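Survey of secondary and tertiary structure
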2 protein chains.
Amino acid sequence: MEARRDVFQAIADPTRRAIIGMIAQQPVNVNTIAEKFDVSRQAISLHLKILSECGLLNIQQQGRERFCEARLDKLNEVHEWVAQYHKLWTGRMAALKQFVEQEELLPKSPKKHKKTKK
Amino acid sequence: MEARRDVFQAIADPTRRAIIGMIAQQPVNVNTIAEKFDVSRQAISLHLKILSECGLLNIQQQGRERFCEARLDKLNEVHEWVAQYHKLWTGRMAALKQFVEQEELLPKSPKKHKKTKK
DNA sequence: TATATTTGCAAGCAAATGATTGCATATTAT
DNA sequence: ATAATATGCAATCATTTGCTTGCAAATATA
């Protein structure tokens, strides 16, 4: 269990995404997190370790408890990767929409063009 | 190989992200994609299958070639998931920045407060 | 038609993943 | 001091992943 360890890998697991959602607002201790899932505490512990290893969460010890705090800024890498494509496709959609509207509004547009073949 | 098959899982693999980047602008056929990587064509073929299965790419047969076209809109799920947290953390940063600036500008701000303990 | 090209499918494999159970350790409450 | 609580670590295990190689099918070219 010592392989690729990056943010994309980390958020690929639904349990880990749920954990992030659970601690996004405020730090939560390990057991409280574990109780919300129906897998063993150890399994959650491993997920926390993975999240921690790729910087997505900080752990603050407080007495015998450990509070997990989300480091949302570490999602930046993902955000940027997706955002570039998001921009690309929304840009295309906008262009398409504009094109369609323009076609529709042209008073004498030769509709036959729609059927231009091959 | 019949398990979880979602977009998050799909983009977890760096090769698959690279493939998406390669076909984001225009469709590319399978062999051309495969040539860009130093793994076997079969390995790429499997990645394409995975991407296709979760809707991230369409395949259009053209003669004996198959062109892979990116379906960037399918990244929406990821975009939305990340965007909510992006908003959260940038919001916090903005608030923090504002707070700091306000502190600095207050003529008679009691600086001791910085040291408020525990 | 014979041959080359493009691609998929299947079998086999090592490594990674996600989970479990049992035991150890530190801290807090009795 | 003793018991209870919170948590980590290690061993183990079934699946999944990513890859490879070999073979088959469809299409294009000589």
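A few points on the structure. All values reported here derive from a predicted model rather than from experimental measurement.

All right, on to the overall build of chain A then. A tally of helices and strands in chain A yields 5 helices and 3 strands. For chain A, the α and β elements follow one another from N to C terminus as α-α-β-α-α-β-β-α. Looking at chain A as a whole, 34% of its 118 residues qualify as buried. Considering only contacts within chain A whose residues lie at least 6 apart along the sequence, 54% involve residues at least 24 apart. Looking at chain A as shown, the accessible area adds up to about 8200 Å², and 51% of this sits on carbon and sulfur atoms.

Residues and elements named next belong to chain A. Buried residues of helix α2 (residues 14-23): R16, R17, I19, I20 and I23, and no others. Here the buried residues of α2 occupy an arc of 155° about the axis, which is enough to place them on one side. Backbone nitrogen of T15 and a side-chain oxygen of the N-cap are separated by 2.8 Å at the start of α2; the cap is D13.

Once that is clear, we can look at the environment of A:Q9. Residue and element names in this part refer to chain A. Relative to the assigned elements, Q9 resides in helix α1 (residues 7-10). Relative accessible area serves as the criterion here: at 23%, Q9 is assigned to the partly exposed category. Linking Q9 and L51, residues 42 residues apart in sequence, is a C-alpha distance of 9.7 Å.

Let us look at the interface of chain B and chain A. Contacts between chain B and chain A engage 27 residues on the former and 27 residues on the latter. Taken together, both faces of the contact between chain B and chain A bury some 2500 Å²; the carbon and sulfur share is 70%. Of all residues in chain B, B:H79, B:W81 and B:W89 bury the most surface against chain A, accounting for 23% of the area lost on that side. Applying the counting criterion to the chain B and chain A interface returns 0 salt bridges. In this assembly, chain B and chain A are joined by 2 residue pairs in polar contact (both at pLDDT 80 or more). Broken down by secondary-structure element, the contributors of at least two residues to the side of chain B that touches chain A are α1 (7-10), α2 (14-23) and α5 (76-105) of chain B.

Near DNA strand D, the surroundings consist of 23 residues, among which A:N31, A:Q42, A:R66, B:S40 and B:H47 are the closest. When the atoms of DNA strand D within 4 Å of the protein are grouped by moiety, sugar and phosphate amount to 62% of the total. A distance of 2.9 Å is found between a phosphate oxygen of DNA strand D and a side-chain nitrogen or oxygen belonging to A:S45. A distance of 2.8 Å separates a phosphate oxygen of DNA strand D from a polar backbone atom of A:R66. Elements with a contribution of two residues or more to the surface near DNA strand D: α3 (30-35), α4 (41-53) and β3 (65-70) of chain A together with α4 (41-53) of chain B. Its residues assigned to classes, the surface near DNA strand D comprises 5 nonpolar, 9 polar and 9 charged.

Rules behind the numbers
Residues numbered from 1 in each chain as written. Chains lettered and ligands numbered in written order. Predicted model: local features only at pLDDT ≥ 70, side-chain atom pairs only at ≥ 80, totals over all residues. Heavy atoms only, no water. Helix = DSSP H or I, 4+ residues; strand = E, 2+ residues; numbered from the N terminus. Buried < 20%, exposed > 50% of the residue type's maximum accessible area, 1.4 Å probe, protein only. Contact = heavy atoms within 4.5 Å. Areas by Shrake-Rupley, 256 points an atom, 1.4 Å probe, with all protein chains shown as cover. Arc of directions from axis to C-beta. Polar contact = N/O pair within 3.5 Å; in protein donor to acceptor, adjacent residues only side chain to side chain. Buried area = accessible area lost by both parts, 1.4 Å probe. Salt bridge = Lys/Arg side-chain N within 4 Å of Asp/Glu carboxyl O. Near = heavy atom within 4 Å. Nonpolar A, V, L, I, M, F, W, Y, C, P; charged D, E, K, R; others polar.

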